[in-house]
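# Close look at the chain arrangement
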Amino acid sequence: MAQPLAERLRPRTLDEYIGQEHLVGEGAVLRKMIDAGRISSFILWGPPGVGKTTLAQIIAHKLETPFYTLSAVTSGVKDVRDVIERAQKGRFFNEASPILFIDEIHRFSKSQQDSLLGAVEKGIVTLIGATTENPSFEVIRPLLSRCQLYVLKSLEKDDLLKLLDRALTKDVILKERNIELKETGALLRFSGGDARKLLNILELVVDAEPSEKAVLITDELVVNRLQQNPLAYDKDGEMHYDIISAFIKSIRGSDPDAALYWLARMIEGGEDPQFIARRLVISAAEDIGLANPNALLLANAAFDAVMKIGWPEGRIPLAEATVYLATSPKSNSAYLGVDAALSLVRQTGNQPVPLPIRNAPTELMKELGYHDGYQYPHDFPGHFTPQQYMPDSLVNERLWHGQHNPTEEKMYQRMVNYWGKRFEE
């Protein structure tokens, strides 16, 4: 039986590797380390099908070092210790450390991750972890601090088109078929920047046609084939990101029925409840925000409840939070405000803190004018007095803009009363 197309086309060298130019392109950070023949431990974070596992295999092949693989789904602490022991025994003096690749490292328990620490610290193994989840949530801090973090991006349109061309011209099976790629819109749309998904769809479409028949790939053909062979929900990839995207967009769009539907799809598909709960907390802060500050409290309470009671009862607080967020008024003013502030900081650098609002714990600092002139707001009527808090060069910058909902209207009017023209829009 032939291997799947995605496996047949798996790159063996960096020259064959498509995408992630910011990491492996000429002069990029990972490329430099690989070319130098020495790498430090790192974690690859990115969506499914962007080349995390492939990149780890290419690195091991390039460095000609022993390569051990563990899956977080099937491996326990004993498996980790066994691999570390083998790596230690098989290593020769002054030789590069063996590479231990851990797929789905976010699924490793705390004890499993703890068992890696010593080996990574001592250089017994060079750890390469791969994860689709934010490592700051899922990887213990001591291990994370010993690893570089590299973020992989979904493949761009040009990357995907290059991959399609390679499949049709280089693959031993497809190049023997009479295939014409008339339209690519549906292929690209359904793949969502996932190389494996793109190749799986291409293979599905081609395999559905008789081998002796020419294949004319159109958007209509792709849509029809996928409707006849719907891709099952896969919490490890594939539709994982499509479903969570639909869930969050339904909440943002104030449609509780659609939000509950996508929630049910995730529950039935075996999605990790922590992942769902975490996204609800993010949605409460990003999309509901100051229009209903209680949303963040309820989403966080739902997260805690799910962690305490588990399945199947955990579906109830998740549903409660989902409906509450979907039916709440919406605001992204805090989200826009912090992004505007970050952009300003990057543009203007480290502006000096005005002297009156500096800390002055020593006599020397007091002599230099630190804290001098600061007015304590609680000493004034209404607990407010106007004074400068922004750096001198940014004194007129506005970053937060209140939006038109009852809660923020009150906040905005209070700022107008305090600051006058500065807040009038």
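Conventions and cut-offs
- Residues numbered from 1 in each chain as written.
- Predicted model: local features only at pLDDT ≥ 70, side-chain atom pairs only at ≥ 80, totals over all residues.
- Heavy atoms only, no water.
- Salt bridge = Lys/Arg side-chain N within 4 Å of Asp/Glu carboxyl O.
- Helix = DSSP H or I, 4+ residues; strand = E, 2+ residues; numbered from the N terminus.
- Buried < 20%, exposed > 50% of the residue type's maximum accessible area, 1.4 Å probe, protein only.
- Pairing = 2+ DSSP bridges.
- Axes fitted to C-alpha atoms, helices over the stretch in contact; angles between N-to-C directions.
- Core = buried A, V, L, I, M, F, W, Y, C linked by side-chain atoms within 4.5 Å.
- Contact = heavy atoms within 4.5 Å.

Once that is clear, we can look at the pattern of salt bridges. Per the stated rule, a full pass over the model turns up 15 salt bridges. A salt bridge links Lys78 to Asp82; the shortest N-O distance between them is 3.1 Å. One end of the pair is Lys78 and the other is Asp82, both in helix 5 (residues 77–90) and four residues apart, which spans about a single turn. Taking the shortest distance from any N to any O, the salt bridge between Glu121 and Arg146 comes out at 2.5 Å. In this pair, Glu121 is assigned in helix 6 (residues 110–122) and Arg146 in the loop between helix 8 (141–145) and strand 5 (148–151), connecting sequence segments 25 residues apart. Residue Glu121 is classed as partly exposed on the basis of its relative accessible area, which comes to 48%. Among the residues examined, Arg146 registers a relative accessible area of 34% and is labelled partly exposed. Via salt bridges that share partners, Asp15, Glu26, Arg31 and Asp35 belong to a single interconnected network.

Turning our attention to the environment of Lys157. Relative to the assigned elements, Lys157 resides in helix 9 (residues 157–170). Spatially, the C-alpha atom of Lys157 lies 20 Å from that of Asp171, the residues being 14 residues apart in sequence.

Of the consecutive residues Trp311 and Pro312, the connecting peptide bond is found in the cis state with omega at 0°. The residue Pro312 is located in the loop between helix 16 (294–309) and helix 17 (315–327) in this model. Positive phi is not limited to glycine here, since Glu104 has a value of about 55°. As for its placement among the helices and strands, Glu104 is situated in the loop between strand 3 (99–103) and helix 6. According to the relative accessible area criterion, Glu104 is buried, its value standing at 15%. Positive phi, normally seen in glycine, also occurs at His383, with a value near 60°. Note that His383 resides in the loop between helix 19 (363–367) and helix 20 (406–419).

Below, the discussion takes up the sheet that holds strand 2 (residues 67–71). Taken in spatial order, the five strands make up an open sheet running 2-3-4-1-5, and their pairing is parallel. Looking at the sheet topology across the chains shown, the edges are occupied by strand 2 and strand 5. On average, each strand axis in the sheet is tilted by 20° relative to the strand beside it, whichever way the strands run. The sheet contact formed by strand 1 (residues 42–45) and strand 4 (residues 126–131) spans four bridges and is parallel. By the bridge assignment, Trp45 is partnered in strand 4 with Thr131.

One finds Leu174, Leu202, Ile217 and Val222 to be the most contacted residues of the largest nonpolar core, which totals 27 residues. Secondary structure elements with two or more residues in this core: helix 1 (5–8), helix 9, helix 10 (185–191), helix 11 (195–207), strand 7 (215–217) and helix 12 (219–228). Here the element with the most residues in this core is helix 11; it accounts for seven residues. Among residues more than four places away in sequence, those in contact with Leu174 are Leu5, Ala167, Leu168, Ile179, Leu202 and Val206.

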